[in-house]
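Here is what each chain is made of, one letter per residue.
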Amino acid sequence: MTGKFYGIGVGPGDPDLLTLRAAALLKTADVVCIPRSAADNESVALKVAGAHIGPAAEMIEVSTPMTRDKDQLEAEWRRGAEKIAASLAAGKNVAFITIGDAMLFSTYTYLLKHVRDLIPEVEVESVPGVTSFAAAAAHLDLPLSEGTEKLAILPAVDDPEALRPLLAAFDNAVLMKVAGKYEQIVAVLGDLGLKDKAVFVSRLGYPDQFVTRDLDSLVGKKRDYLSLILIKKGGLG
Ligand SMILES: C[S@@+](CC[C@H](N)C(=O)[O-])C[C@H]1O[C@@H](n2cnc3c(N)ncnc32)[C@H](O)[C@@H]1O
């Protein structure tokens, strides 16, 4: 019988921010599938979830290249899905672990499409996780939105100028993936008068987590990929 495919959001970083369901499934999965970019010495998701994985679990890695080349990405996802499908076809349950929530900017959702192409009848369960921005808001005791406030969740990887109309239209925003275009993002926030209504959060839940309201202090400095900015037009309180 074909195994079951699980996509497990393991939360933002703190190993005790996994859900009980995620922890229980990881304890019993036959195979745990780990996303790994060439830049990682160790998979970030594995660092977060490692303590919950059963001792008998077989580990397989899926490469997640840091590229936006569609063909290269599709080829890697296909290769990853083939590895997963081979284990599923052998009757093993496979749990793919992913940081934060499974359904938000995750390799899991791309892999899932390919796994379903390969095994259309496969049984699937996606397990939600605490998102990075939910954990950041909680860490700061900062409501993401109250009442009728509109909240935008924006990947800030493309032209930061495109953020202007979006930031104008929403009361609050989460800017994700801010490390690469940080200088341009900060310049846009400055123009819009939002710099003192924003907070930068990096590597939340890891020993080297870092939070600052002084966005200028990071201009020209190295920023970690696991970084986001929360913006509240009503102020940070
Ligand atoms: C590929 S997305 C993954 C999002 C994830 N699925 C979630 O639910 O938060 C990666 C982005 O999430 C944010 N992120 C993830 N973990 C984080 C952490 N521990 N601290 C701060 N930001 C984090 C950063 O903006 C990073 O660039």
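Here is what the cut-offs are and how they apply
Residues numbered from 1 in each chain as written. Predicted model: local features only at pLDDT ≥ 70, side-chain atom pairs only at ≥ 80, totals over all residues. Heavy atoms only, no water. Buried < 20%, exposed > 50% of the residue type's maximum accessible area, 1.4 Å probe, protein only. Helix = DSSP H or I, 4+ residues; strand = E, 2+ residues; numbered from the N terminus. Contact = heavy atoms within 4.5 Å. Core = buried A, V, L, I, M, F, W, Y, C linked by side-chain atoms within 4.5 Å. Domains from an automatic or database assignment. Salt bridge = Lys/Arg side-chain N within 4 Å of Asp/Glu carboxyl O. Polar contact = N/O pair within 3.5 Å; in protein donor to acceptor, adjacent residues only side chain to side chain. Nonpolar A, V, L, I, M, F, W, Y, C, P; charged D, E, K, R; others polar.

## A short note on helix H5 (residues 132–140)
Along H5, the residues classified as buried are Phe-133, Ala-135, Ala-136 and Ala-137. Those residues of H5 that are buried lie in contact with strand E6 (151–155), strand E7 (172–176), strand E8 (198–202) and strand E10 (227–232). Phi for Asp-141, located one or two positions after H5, is positive at around 50 degrees.

## Considerations on the nonpolar core
Ile-8, Val-10, Leu-26, Val-32 and Ile-97 are the most contacted members of the largest nonpolar core, which has 22 residues in total. Looking at this core element by element, the count peaks at 5 residues for helix H2 (residues 44–49). Not counting chain neighbours up to four residues away, the residues in contact with Ile-8 comprise Ala-22, Leu-25, Leu-26, Ala-95, Phe-96, Ile-97, Thr-98, Ala-102 and Val-127. With 20 residues, the next largest nonpolar core counts Val-31, Leu-73, Ile-84 and Ala-85 among its residues.

## Regarding the domain arrangement of the chain
In terms of domains, the chain is made up of domain 1 (4–127) and domain 2 (132–232). Domain 1 and domain 2 are separated by 27 Å when their C-alpha centres are compared. Counting residues at the interface gives 10 residues for domain 1 and 13 residues for domain 2. The partner of Asp-158 in a salt bridge is Arg-68, and the shortest N-O contact between them spans 2.7 Å. Inspection of the region where domain 1 meets domain 2 yields 1 residue pair in polar contact (both at pLDDT 80 or more). Partitioning the side of domain 1 that touches domain 2 into residue classes produces 7 nonpolar, 1 polar and 2 charged.

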